[in-house]
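Fold and contact review
The lines below spell out each chain.
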Amino acid sequence: MTDTSSAPAENHVFEADVARLLTLMVHSVYSERDVFLRELISNAADACEKLRYEAIAEPALLGDDPQAQITLIADPEGGTLSVVDNGIGMSRNELTEALGTIARSGTKAFLERVAAQGGDNGLDGDRLIGQFGIGFYSAFMVAGRVDVFSRRAGSEEAWRWSSDGSGSYEIAPAALEDAPARGTRVVLTLKDDAKSFAERATVERIVKAQSGHVPVPILIAEKPGAEAEPVTDGSALWAKQKTEITPEDYADFYRGLSGQYDEPALTVHFRAEGRHEYSALAFVPGARPFDLFDPDRKGRVKLYVKRVFITDDAELLPRYLRFVRGLVDTADLPLNVSREMIQESPILAAIRKGLTNRILTALEKLAESEPDTFAAVWRDFGGVLKEGIYEDFERQEQLLGLARFRTTETGAEWRALKDYVAAMKDTQQAIYFLAGDDLERLRTSPQLEGFRARGLEVLLLSDPVDSFWAATAQGFEGKPFRSVTQGAADLADIPRLDADKDQDAAPEADPATATLIAFAKTVLEDAVCDVRASERLTESAVCLVAPEGGPDRQLERILKGAGQAGEAAKPVLEINPRHALVKALAAASADAALREDAVRLLYDEALILDGERVGDARGFSERLARVLHQALGGA
C-alpha cells in the first residue's frame, strides 16, 4: 500500500472558463439559489450509477456496502452542509479533471450565452442560471469555501480538493479517516446569508421538491454523528404505472435528468412488450438547449439495463431528435454489454426504431390536440427536425407532415403542408418554395411577383437546412417541391387574379423587345447562361434564377460558402417586358455603348435584388455615372 498522507499539497489555477463561471457564481444575486443542491445530488447519483456499472465486472468494488445511497448532513452550529455518496469516488487526477476544467460542452455554451447577453456579471447571467444546470460550481452561490474528500472504490488513497472560488484550488492527500470508505463527501462552508441551508427543514424541502425521483435513496442527518433518516426511496419513476405519476412528478424528474429548469413541452412514457421489452421515458424540452446546434452534440437519452445505468452514448435516437431528453431501461441486454455490442446490437436497433416512432407519433398527436404548444416546439426545434427530412428517407413523409412553414399567405402564422395542399389551385401542379437566409427579404423577393399575382402560395424557407431537404424530398401527398428561383416558372396555365385588366398580350414577341434580349445575351454571355422574357415578374424589371438543371440559388450560395460548389452554374437573367424601364430601353435609339451600360446595370440590379454583391464595384459606379449623365442631358 502506498502512503500518500505525507505528500505536499498542490495549488492550481482554474482554467479560464472555470474562472469565469466561478466569478458568475460567487457574485450571483440569483434569488433561487437552492438549485445548487439538486446539482450536487445529481452528481452524487451519477457516481453511484457508475459504481453499480463498474461492479458488474468487478463485484469486489462494492465491498460490504452494496446499497447505493446519498446522505445529506446538516450542521447548523458549524454552518456547513455536506453531500456524501458511496459511489465510485475519484482519484487525484479525476478530481483535477472533474473540478478544475470545463468537461461539459453545455457548460461552455452557457458561458458563451452569458457573454452574448451582456458579460459575466449582472442580471442577465443570473437569469440564465435559472434556465441551465451549471453543475458542481453552483455550490459557490451559497458557500464561501468548498472541500471535497474523495476515495475511489478499490483504492487505499484519499484526496482532498479545496477552493474558496477565488481563482485557484488546492489538492492534497487526505487521511483515510477523514474521507468516506468509498465515494465522495462535498462539504460546503456556507456564506452568512446562506446559513438556512444548514437546517434540516430547508434541506428536506428542497430535496422533496427538486430531487424526489433521483434513482438513488437520499437520507438526511440533522447534525454530524446523528442517525440519517430516509427522505426519498430511490424508486425508478419510469418503472411505475403512468396512473401513479403526476405531471409535477414528471417535471421534477425531467429537470433532474436534463439539468434544465423549464417545463417539458411533451412527455412520452411507455412500456414496450413483445419481441423486445423495455421501458422508455422521454421529454421534449420546453426551451431550446444552448448547445442544440453544437456539431459535437449527441443525443441525451440514457441506456439502463435492469435499472443499472450503462451509458448515455448509445445513440438511441437519430440526430434530428437530439433535443429529446430521456432514458430507456431494458432487460434484453446483458449487464456487461460493451460499446461495440451497443453499436452493433439488433436489439438496440429495434429499440431505436420503436422509440423514434413513438416520439414522432406523440408529436403528431400534440400538433392536433394542442397546436399552440406544438407551434412553440416547432419554433425551438423545427430547424433540427427538418434535418430528418433528408437524413431519414423512411420517415420523410411523416416528418414533412410535422413540418410548419411561413408562407406568402400566412404572415406570422405557421402553415402545415396538408393545409397548403388542400388550398392549392386546381391547375397548380407543385408545392412552390423560396429559400434564403432572411425571412423579410424573402417576402419582398422579385421572384414571388408572378406567383403572388396569381394567388399562388409560396413557402418561405429561411433555415439553412431548408435548401438541402427541399433539393432531395420526393414531394408531399404526390405534389413535388419546386423552387421559384429555378428554371422556367411555368405559370401560363394559371390565370392572374387581375386577368381582366388591360395587358399587353405577349410583349416579348415585340421586335424591339426581342432585339434588346438578343443584345443582352451577347453583352452578358460571360455572366449568365441565358436572357429571357419573364413570366414571374410583374413589378420589377429583372431577376436572376437558376437554370433548369442547376441547384436552387440559395443552395448554390450555401455550397459555395462551404467550398463545395465546384464550378458555379451561370444564372438566367429574366427581363420583365411589361416594365416601363424595359419598354423605354427597348424603344430607345441610344448608341451601343450606352445600351451596353444599361444592360449591365440591369444585371447589377438583379444581383442586388438577389442579395448578392456587385462583382465590379468600380465598373458599376462608372456605368451608373455615364447613364445618369446621359439621362440629364449631358453630351
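Now for a look at the structure at hand. Everything numeric in this text was worked out from a predicted model, so none of it was measured. (Residues numbered from 1 in each chain as written. Predicted model: local features only at pLDDT ≥ 70, side-chain atom pairs only at ≥ 80, totals over all residues. Heavy atoms only, no water.)

Here the focus is the packing of helix 9 (residues 346-369) against helix 10 (residues 371-385). Relative to each other, helix 9 and helix 10 sit at 125°, their axes nearing to 5 Å. Taken together, the axis directions place helix 9 and helix 10 in an arrangement best described as oblique. Along the contact surface, helix 9 presents Leu363, Leu366, Ala367, Glu368 and Ser369, while helix 10 presents Pro371, Thr373, Phe374 and Val377. When the residues that make up the contact of helix 9 with helix 10 are grouped by side-chain class, the tally is 6 nonpolar, 2 polar and 1 charged. (Axes fitted to C-alpha atoms, helices over the stretch in contact; angles between N-to-C directions. Helix = DSSP H or I, 4+ residues; strand = E, 2+ residues; numbered from the N terminus. Parallel < 35°, antiparallel > 145°, perpendicular 65-115°, else oblique. Contact = heavy atoms within 4.5 Å. Nonpolar A, V, L, I, M, F, W, Y, C, P; charged D, E, K, R; others polar.)

Okay, the sheet that holds strand 12 (residues 300-305) next. One open sheet accounts for 5 strands, arranged 10-11-14-12-13; its pairing is mixed. A single partner strand is all that each edge strand has here, and the edge strands are strand 10 (266-272) and strand 13 (308-311). Neighbouring strand axes in the sheet, compared pairwise and without regard to direction, differ in orientation by 20° on average. Here strand 10 runs beside strand 11 (residues 278-284); their pairing, made up of 7 bridges, is antiparallel. Note that in strand 11 the partner of Ala272 across the bridge is Tyr278. Across the face of the sheet, helix 9 comes into contact with strand 10, strand 11, strand 12 and strand 14 (325-330) while running at roughly 140° to strand 10. (Pairing = 2+ DSSP bridges.)

Let us look at the side chain of Arg255. Of note, Arg255 is situated in helix 7 (residues 247-258). Judged by relative accessible area, Arg255 falls into the buried class, the value being 19%. Those residues within four positions of Arg255 in sequence are excluded, and the remaining contacts are Arg38, Gln260, Tyr261, Asp262 and Glu263. (Buried < 20%, exposed > 50% of the residue type's maximum accessible area, 1.4 Å probe, protein only.)

With that settled, the discussion passes to the side chain of Arg553. Tracing the backbone through its elements, the reader meets Arg553 in helix 18 (residues 553-561). When its relative accessible area of 7% is taken as the criterion, Arg553 is described as buried. In terms of polar contacts, Arg553 uses its side chain to reach the side chain of Asp610, at 2.7 Å. Those residues in contact with Arg553 that lie beyond four places of it in its chain are Thr485, Leu544, Val545, Ala546, Pro571, Asp610 and Glu612. (Polar contact = N/O pair within 3.5 Å; in protein donor to acceptor, adjacent residues only side chain to side chain.)

What follows concerns the pattern of salt bridges. Using the criterion set out here, one finds 37 salt bridges in the structure. Between Asp193 and Arg33 there is a salt bridge, with the nearest N and O atoms lying 3.4 Å from each other. In this pair, Asp193 is assigned in the loop between strand 7 (183-190) and helix 6 (200-210) and Arg33 in the loop between helix 1 (16-26) and helix 2 (35-57), connecting sequence segments 160 residues apart. Judged by its relative accessible area of 53%, Asp193 falls in the exposed class. Judged by its relative accessible area of 16%, Arg33 falls in the buried class. For Lys418, the salt bridge is made with Glu368, and the minimal N-O distance between the two is 2.8 Å. Remark: Glu368 occurs in helix 9 and Lys418 occurs in helix 13 (residues 417-422); sequence separation between them is 50 residues. On the basis of relative accessible area, Lys418 is assigned to the partly exposed category, the value being 42%. Here the residues in one salt-bridge network are Arg200, Glu204, Lys208, Glu222 and Glu229, joined through shared partners. (Salt bridge = Lys/Arg side-chain N within 4 Å of Asp/Glu carboxyl O.)

Strands sit in the order 16-15-18-17-19 across an open sheet of 5 strands; the sheet is mixed. Taken across any chain shown, the strands that pair with only one partner, and hence form the sheet edges, are strand 16 (415-416) and strand 19 (481-483). Here strand 17 (residues 431-435) pairs with strand 18 (residues 458-461) via 4 bridges, running parallel. Bridging across to strand 18, Phe433 finds its partner in Leu459.

This next bit is on unusual backbone geometry. Even without being a glycine, Lys306 presents a positive backbone phi close to 55°. Counting through the fold element by element, Lys306 comes out in the loop between strand 12 and strand 13. Exposure remark for Lys306: the relative accessible area of 51% places this residue in the exposed category. One non-glycine residue, Glu315, adopts positive backbone phi at about 50°. For Glu315, the location among the structural elements is in the loop between strand 13 and strand 14.

Such coordinate-based values are descriptive only and should not be taken to indicate function.
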